[in-house]
Amino acid sequence: HILNALLDTISVVIPPQDSLKVRMEIKKQDGYFDGEERVIPVYKRGTLETKGFFAALEGDTALTIQLDPALGTVTLFAEASLLPILLDETEKVRRYPYLCNEQLASKLKALLAQKRIYQLMEKSFDKDKSVMDIIGRLQNNRTGYLWGWWINNEPAPWITLHVVEALLQAEKEGFKIVLPKTALIDNLIFNMEHYRNSDKLLTLQLLKQLGAKADYTGYIDTLAKSLRSGTLYDQLRLAALQQAEGLPFSIDSILGAPKKTLFGNLYWGEEGYRLFDNSIQNTLLVYRILKAKGGHEVTLAKIRNYFLEKRKDGQWRNTYESSLILETILPDLAKEGNSVRPAMLRFTDHPDEVVSQFPFQKEVTGNSPIRISKSGNLPLYFTAYQQHWNKTPAAVAEAFQVQSFFEKNKRTITDLNAGEPVILQVDIDVKGDADYVMIEIPIPAGCSYKDKPQPRLNNEVHREYFKDKVSIFCSSLKQGSYSFKVSLLPRYTGMYHLN
């Protein structure tokens, strides 16, 4: 018998599935009934992991792939043209959820690359409205005449260069842009002396993009003297400027010492979390210098294959690098077109199975090595990957060491009470200086935000709050320890697990 209201609490054991419904009904003897059904989100602990292999198979070749039998089914995929693979990458960049100026510019470059790929594949492009929307956002996000990471952030030369390159590419494709070039040029030249050397290099490249009249030779000569002991990235960017200006330059010592992958593909620099002086950025600069110089087609092919090899887990590691790789290698790969290549693929353990129609996809067990052979003079792009759900992924502690926990009244807790606020604290130990860091913090199912502040500690410049995660953007994190806090409000009482 209920007079006005009844408040009750029930214990529910979570099923192994990924969703839970609670239904409550009131029934009367005369047949009347009423009730409610509530869907409670239950996210699986852990993360979906992809482990894979990617290779560009040139000429007649054979290889053996040994993947982990414990990870189950292996998906095999072969494509005779790179255009569909690059199209997939443009779509991943386009769908990336954030809208900072770097990612907006990367999305714009990706969409323009997608439009060019569609033309080569003789498909109609229907995303002009998305292109115009991004152009509008970028034009409105200026800080003065330049761009920072987010709107109203301090301008950064590399982000300004990235944005302007994207806008100028859009203008070449026939889209209308509003770019105050004269004021932008005057601002860059006025501030040139206040920039550090690496930013001066970026600014000079930007001025050339804008067609500015400036004393490039004088600037370059001055920089050349101060960059004799600079990073590999700065030396390559300086050489690219000298080349563009018709000045003498030499990078023979650099070009003579490339690093090789297992498949003989070439790259320069070290892998790592540095934004610029890393193997991707350095190798992109080498590619552009060699392409402009001419006569290095074999080396360029090995560099392209290095970039493809780095995409072994299904995508490149961030939107900035994706957009730069796409715009750098697409013009050369576009020459291939989209026609079916005269290539043949055979599985050694099944000699009667010959694949000559592409794209090709097949699933096999990962219990034994996969042996394949490829014949034909033109390349074939081969992928093998496994996906599995890791319930308890091990913490990765390389450049960053991360710990997260619930904190209440200065105590660490795991059991939360419905309606009682709690702090989710994330402690990060930074092993080396890092610039432009995004920290993505998963929010447990059943929790909402108590509030959504925009703190400015730890060089934070912006926070994005989503239903299942909060993303914190920091302009820089010097070596040391940092704490970040998120204020949560549990909707249900019980034990909560943190990924």
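**Some remarks on the environment of Glu321**
- Here Glu321 is to be found in helix α12 (residues 319-333).
- Sequence separation between Glu321 and Ser106 is 215 residues; the distance between their C-alpha atoms is 8.6 Å.
- Contact partners of Glu321, with chain neighbours within four places excluded, come to Asn278, Ile280 and Gln281.

**Some details on the environment of Ile85**
- Within the secondary structure layout, Ile85 lies in helix α1 (residues 83-94).
- For the pair Ile85 and Gly35, spaced 50 residues apart in the sequence, the C-alpha separation amounts to 50 Å.
- Excluding residues within four positions of it along the chain, Ile85 makes contact with Phe54, Glu79, Arg311 and Tyr381.

**So, the packing of helix α5 (residues 181-191) against helix α6 (residues 197-209)**
- Relative to each other, α5 and α6 sit at 155°, their axes nearing to 11 Å. Taken together, the axes of α5 and α6 lie roughly antiparallel to each other. Judged by the twist between their axes, the crossing of α5 over α6 is left-handed. For the pair α5 and α6, contact is made by Ile185, Leu188 and Ile189 and by Thr203, Leu206 and Leu207, respectively.
- Tallied by class, residues from the contact of α5 with α6 come to 5 nonpolar, 1 polar and no charged.

**A word on the sheet that holds strand β19 (residues 460-465)**
- Strands sit in the order β17-β20-β19 across an open sheet of 3 strands; the sheet is antiparallel. Both outer strands of the open sheet, β17 (434-442) and β19, are each paired with one neighbouring strand and no more. The sheet shows a mean angle of 15° between the axes of neighbouring strands, taken without regard to direction.
- Bridging between β19 and strand β20 (residues 469-477) involves 5 bridges; their strand directions are antiparallel. When the sheet's bridge partners are listed, Glu460 is paired in β20 with Cys474.

**Some remarks on the confidence of the model for the protein chain**
- Of all residues in the protein chain, 97% attain a pLDDT of 70 or more, and the chain-wide mean is 87.
- Every residue in residues 337-341 is under pLDDT 50, and counting partners more than four places away or in other chains gives 11 contacts.

**Focus: the side chain of Gln169**
- Relative to the helices and strands, Gln169 resides in helix α4 (residues 157-172).
- Classification of Gln169 as buried rests on a relative accessible area of 19%.
- One polar contact links Gln169 to Glu327, side chain to side chain, over a distance of 2.5 Å.
- For Gln169, the residues in contact, after removing those within four places along its chain, are Lys109, Leu112, Arg116 and Glu327.

**A few points about the packing of aromatic side chains**
- Following the criterion strictly, the structure yields 15 aromatic pairs and no others.
- Each ring, one from Trp149 and one from Phe473, has its centre 5.4 Å from the other, and the planes form 85°; the classification is edge-to-face. Pair noted here: Trp149 is in the loop between α3 (128-140) and α4 and Phe473 is in strand β20, with a separation of 324 residues, a long-range link. You'll find Trp149 and Phe473 in the same group, each marked buried.
- The rings of Tyr96, Tyr98, Trp149, Trp150, Trp158, Tyr233, Phe276, Tyr320, Tyr436, Phe466 and Phe473 are connected pair by pair, giving a single aromatic cluster.
- Between the NZ or CZ atom of Lys208 and the centre of the ring of Tyr216, over which it lies, the distance is 4.5 Å.

**Considerations on the environment of Leu138**
- Relative to the elements of secondary structure, Leu138 occurs in helix α3.
- In this structure Leu138 comes out as buried when scored by relative accessible area, which is 0%.
- Along the sequence, Leu138 and Leu104 sit 34 residues apart, while their C-alpha atoms lie 7.1 Å from each other.
- Excluding anything up to four places from it in sequence, Leu138 contacts Asn101, Leu104, Ala105, Leu108, Trp147, Val163 and Leu167.

**Some words on the packing of helix α2 (residues 101-120) against α3**
- At a minimum axis distance of 10 Å, the contact between α2 and α3 shows a crossing angle of 150°. As far as their axial angle goes, α3 and α2 are roughly antiparallel. Remark: the crossing between α2 and α3 carries left-handed chirality. Along the contact surface, α2 presents Asn101, Leu104, Ala105, Lys107, Leu108, Leu111, Leu112 and Lys115, while α3 presents Asp128, Ser130, Val131, Ile134, Ile135, Arg137 and Leu138.
- Its residues assigned to classes, the contact of α2 with α3 comprises 9 nonpolar, 2 polar and 4 charged.

**Description of the sheet that holds strand β8 (residues 344-347)**
- Ordered in space as β4-β11-β8-β9, the 4 strands form an open sheet in which the pairing is antiparallel. Both outer strands of the open sheet, β4 (61-65) and β9 (350-355), are each paired with one neighbouring strand and no more. Pairwise comparison of adjacent strand axes, ignoring direction, gives a mean angle of 25° for this sheet.
- Where β8 meets β9, 3 bridges bridge the pair, whose relative direction is antiparallel. Bridging across to β9, Leu345 finds its partner in Val355.

What counts and how
- Residues numbered from 1 in each chain as written.
- Predicted model: local features only at pLDDT ≥ 70, side-chain atom pairs only at ≥ 80, totals over all residues.
- Heavy atoms only, no water.
- Helix = DSSP H or I, 4+ residues; strand = E, 2+ residues; numbered from the N terminus.
- Contact = heavy atoms within 4.5 Å.
- Axes fitted to C-alpha atoms, helices over the stretch in contact; angles between N-to-C directions.
- Parallel < 35°, antiparallel > 145°, perpendicular 65-115°, else oblique.
- Left-handed = near helix turned anticlockwise from the far one by under 90°.
- Nonpolar A, V, L, I, M, F, W, Y, C, P; charged D, E, K, R; others polar.
- Pairing = 2+ DSSP bridges.
- pLDDT = per-residue confidence, 0-100.
- Buried < 20%, exposed > 50% of the residue type's maximum accessible area, 1.4 Å probe, protein only.
- Polar contact = N/O pair within 3.5 Å; in protein donor to acceptor, adjacent residues only side chain to side chain.
- Phe/Tyr/Trp six-rings, centres within 6.5 Å; stacked < 30°, edge-to-face > 60°.
- Lys NZ or Arg CZ within 6 Å of the ring centre and 35° of its normal.

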